[in-house]
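Letter by letter, the chains look like this.
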Amino acid sequence: MITPDTIPVLRLSDTNGKDFLRGLLLTGRCIPFIGAGFTAGDSSLRGTVPGGSQFLSMMRKAINATVTANKPSPESLEYYTFQQVADEYFREPIVPLDKIKTTLRDSFTGVSIASEAKKAFLRWEWEYFYTLNIDDAIERELGAIKVLPFTEFAQHKTTQFVYKLHGDAADAITAGTAEAMRLVFGSADYVASLIKNRALISTLTNDLAERHLIFVGCSLTDELDILFALSNAKTKGGPLPSTNRVYVTANEPLDYESRKKLRQYGITNILVVDYADFYAFVASVGSPASALNSPLDPYRYDARKPPNQSPEIFLKYLLQIAWNTHQDSTELAITRDGIRQASQLLSEPMAVLWGRRFSGRTTLLFAILAHHSNRKRFFVPTSAATSDRVLNAILRTKDALIAVDAGAVSYRQLQLIVRKLDQIQENNTTVVISTNRAWLSALGPLLAESAFEVKDKMSQLESKQINAKLEPFGLSKSWRSSVQHLENIFSLSESPVVSSLLNQKSRLTQNISRLHEKWSISEVGKLEFSVLFYLGTRQRIYSRYFREFATDAGLSHISSTHFADFAQQWEPFIELEDSDPSSRRAERSMQVMVANASAWIHYSIQKLSLRLGAKEAASQIVRTFEVMNKIEDKAFELLLFDNLNAIYAEGLSDLRASVIREVYERLAPLLSGDPDYWLQRAKSFYYLSNQIHDLIVGVEYCEKSIVKKGAKTSTNAKLTKSNLLGKICKLKRNVEDSDIISAVGAYVEAIESRADNPLYIDELLRKSKTGKSYMSLVCRLASRRATLLPHKHEIELIQSYISGRF
């Protein structure tokens, strides 16, 4: 989706989830935001605390039971939202005030929390709480002071506060009238809160910008005050990059509506937990102020060798199957060629490693740490959500080697480290940062120039090391040098040997499958298809071209805002970079999306084409060409048969032939005067059909391509024509002399025009020697027929070319 689901999902049951939550808590900047789910079911004065849906039913029941003519019917009331029902219950003269107060007193006062884990959670060193609950559980448990809506207040550092955004039941039952109840449940209450409740909303706005908020037991449904505060925070420049808004839930929200809602509330992380484990885990984390001697202590690097592991662990690491990406891989990884060169940078206060996703940046960080045991060592992972306290500890720590993985610090924090390099140098500390190309600009020209690039392709020596590790599994020379890592991972993942050994899919396969499942056949989905198709043929797409596609699809409203979102959604297969200066001028684009692995992009195009169907997929490819043809001189390269054939693999033969043929048929009205078009269409018949009629049509298309103006196109067309005629000779049961004479003449013509495009013609020679061409076949057929002696000279010329004597 172009409105992507980009909220990271972590699980407390996993190491990453624990590291993330622990790191966040130890920043000392976390504030819990507690919803109705926290106390639902706990005992109250005369009953139990109702959850949100239960209280909604109670209000409906009370309205229905009240005898009055002026009220909603039971049928219509069933369709009212919570806010609408609350308006009728609290603000309309339907339910008697005494009955409302009785319900509030019985259900929301005198609340006792039964769970010891919840109590321990509340007693953790929180500065204060936000809650949407009107019950008195938290203040009773902690002896905290409650802050109510529409009330001015002064906060004291020595006293814990509970900010009750929706009001307080004990306070409400003292009100003389319904209007005097300081509760925020109905639509009118929210409007009044936004206007009059400025002190409380101002506090929340500031915390959204400066604190990490942890939403516990919250449904986040129609909470206008939170949305308003979030809007105010954005108006002031937006939340700081280091702040998080974590949504804690027992079940991962999977549907579009739930995910969209969380994005609207600015949720940055989803943490899936067992609530009892969550409360206990928080309680087990030490105090941010006193538990640790240094905020860096949780990130100490320990180079102890892991316990005995299964023989398949290398494959799991290599293919990212059930592998923690922040786990030390030193014992498994090969030695990269650049380790020595990268280590030479450690004499400076900062060393920078940059590269694309899956280039091996993190592995190289671990290798550097493992090779330098003479210093205190720290590894700050991406999931650390580095706080200012951790950042300050990095700047203060002496005699240390601190590796900071990509994404662990914000752009602003990286700039601060650069400004404090003198201080780091005085401390005899080296900070090794891994980052992407886009963030090199934060370093300044000198550091950016000295930064070490971690290649996303292995050298021959590196590939040899990997293949030596793969051979015991029966995988011989499976890792190819000078091929992107993600490409190699794709081909290895498809190996039957790997499937039988591991019986698991790479998390990359799982990630891309989720993207395919979320994709829909819509204008937005078709726009995504165009972007992927363009990336699959060109490897990169500039922001200006993305805008053109979006505008053509009638989606101009997302043409600027979602370029980066799309790249983030498709990481690591696609990566966002800043355009280099020359491209910035030539393409008039500040940013560019780059394909990290064509194989994964092609795989996605295939899967989405199956969903679209051949005709619709072809239609979208032609539409992509039409858009680019208006602004790009070489747009036709998108339609080259070799490009289309590379995307639609032979394993999808039905789709492959039908899509490619449909593309060229739809292009006829647009490109009938272009010789290159007819050449590509002829090539499609040559490669995709074994029908004699199709091959004859292909020969006719080649004739349309042989023109005086285009020497290169004509030469290629002559070769394609000769191959088509050779294939006819191969497929025909009864080959006539005229068939052979036509093929011989065509081959001679192609060979004689070799000078116009020698590389293309010599590719024919290579295939002839390996038996893949029909040239040798035609010569053999001709040499057996006495009737073709008059063509002996031409046949000998072809044979000389095949043997390399030409």
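Analysis parameters
Think of each chain on its own: its residues are numbered from 1, step by step along the sequence as written. The model is predicted, so local features are restricted to residues of pLDDT at least 70 and side-chain atom pairs to those at 80 or more, both for listing and for counting; the totals for chains, interfaces and linings are taken over all residues. Derived side-chain values reflect all non-hydrogen atoms in the structure, with water molecules and hydrogen atoms excluded from consideration. Going along the chain from the N terminus, every DSSP run of H or I of four or more residues is numbered as a helix, and every run of E of two or more is numbered as a strand. Note on contacts: a residue pair qualifies if any of its non-hydrogen atoms lie within 4.5 Å across the two residues. Neither His nor the chain ends contribute to the count of charged residues, in which Lys and Arg are positive and Asp and Glu negative. Working definition for charges: the position is that of NZ of Lys, CZ of Arg, CG of Asp or CD of Glu. Working definition: rings of Phe, Tyr and Trp (its six-membered ring) pair if their centres are within 6.5 Å, and the pair is stacked with planes under 30 degrees apart, edge-to-face with planes over 60 apart, and tilted otherwise. To sort residues, take the accessible area from a 1.4 Å probe on protein chains only and compare it with the maximum for the residue type: under 20% means buried, over 50% means exposed, and anything in between is partly exposed. Where helices are involved, their axes are fitted lines through C-alpha atoms of the stretch in contact, as for all axes, and angles between N-to-C directions lie from 0 to 180°. A clockwise turn of the near helix away from the far one marks a right-handed crossing, whereas an anticlockwise turn of less than a right angle marks a left-handed crossing. Three classes are used, and their members are as follows: Ala, Val, Leu, Ile, Met, Phe, Trp, Tyr, Cys and Pro are nonpolar, Asp, Glu, Lys and Arg are charged, and the others, Gly among them, are polar. When DSSP finds at least two bridges between two strands, those strands are taken to pair. Confidence of the predictor in every single residue is expressed as pLDDT, which spans 0 to 100. Orienting the strands away from the viewer, one traces the path from the first strand over the helix to the second; a clockwise path indicates a right-handed crossover. What counts as a disulfide here is a pair of cysteine sulfur atoms lying within 2.5 Å. For a helix, the expected span equals 1.5 Å multiplied by the number of residues minus one. Any N or O atom pair separated by 3.5 Å or less is treated as a polar contact, with the protein-specific requirement of one donor-capable and one acceptor-capable atom, and with residues adjacent in sequence counted only for side-chain atom pairs.

J.: Provide a residue-level description of the overall build of the protein, including the pertinent values.
T.: Along the backbone of the protein there are 39 helices and 18 strands. Dimensions of the protein, computed from the C-alpha atoms along their principal axes, are close to 115 × 75 × 50 Å. The long-range share in the protein, meaning contacts at least 24 apart out of those at least 6 apart in sequence, stands at 74%. When the 98 basic and 89 acidic side-chain charges of the protein are each reduced to a single mean position, those positions are 4 Å apart.

J.: Describe the packing of aromatic side chains, and please don't skip the residues or the numbers.
T.: The relative placement of two aromatic rings is captured by the distance of their centres and the angle of their planes. Counting across every chain of the model gives 42 aromatic pairs. For the ring pair phenylalanine 55 and phenylalanine 82, a centre distance of 6.4 Å and an interplane angle of 50° mean the geometry is tilted. A residue pair is termed long-range when its members are at least 10 positions apart, and phenylalanine 55 in helix H2 (residues 52-65) and phenylalanine 82 in helix H4 (residues 82-91) qualify at 27 residues. What makes phenylalanine 82 partly exposed here is its relative accessible area of 26%.

J.: Requested: an account of the packing of helix H25 (residues 523-538) against helix H29 (residues 598-612), with residues and values cited.
T.: At a closest axis distance of 9 Å, the pairing of H25 and H29 adopts a crossing angle of 145°. Handedness of the crossing formed by H25 with H29: left-handed. For the pair H25 and H29, the contacting residues are Phe529, Leu532, Phe533, Leu535 and Gly536 in the first and Ile601, His602, Ile605, Leu608, Ser609 and Leu612 in the second.

J.: An account of the side chain of threonine 103 is needed here, citing residue identities and associated values.
T.: Along the chain, the position of threonine 103 falls in helix H5 (residues 97-108). Taking the relative accessible area as the measure of exposure, threonine 103 reaches 18% and is therefore buried. Not counting chain neighbours up to four residues away, the residues in contact with threonine 103 comprise Phe55, Met58, Tyr89 and Phe108.

J.: Just give me the short version of the packing of helix H38 (residues 775-783) against helix H39 (residues 792-803), but keep the residues and values in it.
T.: In the contact formed by H38 and H39, the axes pass within 10 Å of each other and the chain directions differ by 140°. Crossing of H38 over H39 shows left-handed handedness. Between H38 and H39, the contacting residues are Met775, Ser776, Cys779 and Ala782 on the first element and Ile795, Ile798, Gln799, Tyr801 and Ile802 on the second. Residue composition of the contact of H38 with H39, grouped by class: seven nonpolar, two polar and no charged.

J.: Mind laying out the sheet that holds strand S14 (residues 430-435), listing which residues take part and the relevant values?
T.: Taking strand neighbours across the sheet as the criterion, the five strands line up as S12-S13-S14-S11-S15 in an open arrangement whose pairing is parallel. What marks the edges here is a single partner per strand, and that holds for strand S12 (376-380) and strand S15 (452-453). Summarising the sheet, strand S11 (residues 350-354) and S14 pair through five bridges and their orientation is parallel. The residue of S14 that forms the bridge with leucine 353 is serine 434.

J.: An account of the sheet that holds strand S16 (residues 540-542) is requested, with residue identities and associated values reported.
T.: Across the sheet, three strands lie side by side as S16-S18-S17; this open sheet has antiparallel pairing. Bordering the open sheet on either side are S16 and strand S17 (574-578), each of which pairs with just one other strand. Recorded for the sheet is a direction-independent mean angle of 25° between the axes of neighbouring strands. With five bridges connecting them, S17 and strand S18 (residues 591-595) associate as antiparallel partners. Bridge assignment links leucine 576 to a residue of S18, and that residue is methionine 593.

J.: Quick one: what's the story with the environment of alanine 36, residue by residue and with numbers?
T.: When you line up the elements, alanine 36 lands in the loop between strand S2 (30-34) and strand S3 (43-44). Placed 679 residues apart in sequence, alanine 36 and threonine 715 show a C-alpha to C-alpha distance of 75 Å. What alanine 36 contacts, discounting residues up to four positions off in sequence, is Gly52, Asn133 and Gly217.

J.: Which residues make up unusual backbone geometry, and what values go with them?
T.: Residue proline 572 is reached from glutamate 571 by a cis peptide bond, and omega for that bond is 0°. Here proline 572 lies in the loop between helix H27 (563-569) and S17. One non-glycine residue, serine 482, adopts positive backbone phi at about 60°. Relative to the elements of secondary structure, serine 482 occurs in the loop between helix H21 (460-470) and helix H22 (485-493). A residue is classified by how much of its surface remains accessible, and serine 482, at 54% relative accessible area, is exposed. Although it is not a glycine, glutamine 539 adopts a positive phi angle of roughly 75°. Residue position: glutamine 539 is located in the loop between H25 and S16.

J.: Please give an account of the side chain of threonine 109 that cites residues and values.
T.: Structurally, threonine 109 is set in the loop between H5 and helix H6 (116-123). On the accessibility criterion, threonine 109 (8% relative accessible area) is buried. Each residue touching threonine 109, except ones within four places of it in the same chain, is listed here: Ser44, Leu45, Leu104, Asp136, Ala169 and Ala170.

J.: So what about the confidence of the model for the protein? Which residues, and what values?
T.: Summarising the model, the protein shows a mean pLDDT of 84, and 92% of its residues fall at 70 or more. Per-element confidence in the protein is highest for helix H30 (residues 614-629), whose mean pLDDT is 94, and lowest for helix H37 (residues 758-769), whose mean pLDDT is 64. Long-range and interchain partners of residues 235-242, a stretch whose pLDDT sits below 50, account for 16 contacts in this model, where long-range means more than four residues apart.

J.: Could you give an account of the pairing of strand S10 (residues 269-272), naming the residues involved and the relevant values?
T.: Residues Asn269 and Leu271 of S10 are buried on one face, and the alternating residues Ile270 and Val272, pointing to the opposite face, are buried as well. Note: strand S1 (residues 9-11) against S10, three bridges, orientation parallel. Each residue of the ladder has a partner; that of valine 9, found in S10, is isoleucine 270. Following the chain from strand S9 (residues 245-249) across helix H12 (residues 256-264) to the adjacent parallel S10, one finds a crossover that is right-handed.

J.: Now, about the state of the cysteines: what can you tell me, with residues and values included?
T.: Evaluation of the coordinates by the stated rule reveals zero disulfides. No disulfide involves cysteine 218; its sulfur sits 15 Å from that of cysteine 30, the nearest cysteine. The closest cysteine sulfur to the non-disulfide-bonded cysteine 779 is located on cysteine 729, 11 Å from its own sulfur. Here cysteine 779 falls in the buried class, since its relative accessible area comes to 4%.

J.: Requested: an account of helix H33 (residues 675-688), with residues and values cited.
T.: Between the first and last C-alpha of H33 there are 20 Å, a value that for 14 residues agrees with the 20 Å anticipated at 1.5 Å per step. Taken across its 14 residues, H33 has eleven buried, putting it largely inside the fold. The set of residues buried in H33 consists of Tyr677, Trp678, Leu679, Gln680, Arg681, Ala682, Lys683, Ser684, Phe685, Tyr686 and Leu688. Measuring from the backbone nitrogen of aspartate 676 back to the side-chain oxygen at the start of H33 gives 2.9 Å, which picks out aspartate 674 as the cap.

J.: For the pairing of strand S8 (residues 212-216), give the residues involved together with the corresponding values.
T.: Counting buried positions along S8 gives five out of five residues, so the element sits mostly inside the fold. Where burial is concerned, the two faces of S8 agree: the one with His212, Ile214 and Val216 and the one with Leu213 and Phe215 are both buried. The sheet contact formed by S2 and S8 spans five bridges and is parallel. Residue pairing in the sheet places phenylalanine 33 in a bridge with phenylalanine 215 of S8. Sheet topology places S8 next to S9; four bridges connect them, and they run parallel. For leucine 213, the partnering residue across the bridge sits in S9 and is arginine 245.

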